[in-house]
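Spelled out, the chains give:
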Amino acid sequence: MATADQVKAWLAPEVLGVQRQGPGVAIEVLELRVPATYPDLLVEVDVCVMGERWQVALVYDGPDASLVSGDLTDVALRTLELMVRTHLFEWWHTKDRERASARMGTRLG
């Protein structure tokens, strides 16, 4: 099983910085933390979007958490990277309409 430090060491360089999804919104990932990998994988990020700073908690369980339950393969880590990026954009676009998304983020300023 991968440790939180191992997951963070691999994931941070891949997701820190400006993330773009088409010509629309850019999300700048300022900081990344991985407080837990078992039983649920928890990835916390501080982001800046359109001048607003947020802390977002992404919780992965079941099959998603199992990506880091064994050896950290390139396929598993690339999948996790894609999931984190995708979920950040989904969170941003739905946080004002869906309660579950709203609970994921806390506005910092």
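1. Things to note about helix H1 (residues 4–15)
Moving on, step 1. The end-to-end C-alpha separation of H1 is 16 Å, in line with the 16 Å expected for 12 residues at 1.5 Å each.
Moving on, step 2. When H1 is considered as a whole, its buried residues turn out to be Ala4, Val7, Trp10, Leu11, Ala12 and Val15.
Moving on, step 3. Residues of H1 that are buried in the fold lie against strand E1 (17–20), strand E2 (26–36), strand E3 (41–49) and helix H3 (74–94).

2. Side note on the pattern of salt bridges
Moving on, step 1. The full count for this structure, using the stated rule, is 8 salt bridges.
Moving on, step 2. Among the salt bridges present, the one from Glu52 reaches Arg107, with a minimum N-O distance of 3.8 Å. Of this pair, Glu52 sits in strand E4 (residues 52–60) while Arg107 sits in strand E5 (residues 105–107), and the two are 55 residues apart along the sequence.
Moving on, step 3. In the salt-bridge network here, residues are joined through shared partners; they are Glu14, Arg78, Glu81 and Arg85.

3. With respect to the side chain of Thr37
Moving on, step 1. Tracing the backbone through its elements, the reader meets Thr37 in the loop between E2 and E3.
Moving on, step 2. In this view, Thr37 contacts Met1, Ala2, Thr3, Ala4, Val7 and Val68; residues no more than four positions away in its chain are not counted.

4. Focus on the environment of Val34
Moving on, step 1. Along the chain, Val34 falls in strand E2.
Moving on, step 2. For Val34, a relative accessible area of 9% translates into the label buried.
Moving on, step 3. Separated by 28 residues in the primary sequence, Val34 and Gly62 have C-alpha atoms spaced 17 Å apart.
Moving on, step 4. In this structure Val34 touches Ala4, Val7, Lys8, Leu41 and Leu42, once residues within four positions along its chain are discounted.

The rules behind the values
- Residues numbered from 1 in each chain as written.
- Predicted model: local features only at pLDDT ≥ 70, side-chain atom pairs only at ≥ 80, totals over all residues.
- Heavy atoms only, no water.
- Helix = DSSP H or I, 4+ residues; strand = E, 2+ residues; numbered from the N terminus.
- Expected span 1.5 Å × (residues − 1).
- Buried < 20%, exposed > 50% of the residue type's maximum accessible area, 1.4 Å probe, protein only.
- Contact = heavy atoms within 4.5 Å.
- Salt bridge = Lys/Arg side-chain N within 4 Å of Asp/Glu carboxyl O.

Read these as geometric descriptors, not functional statements.
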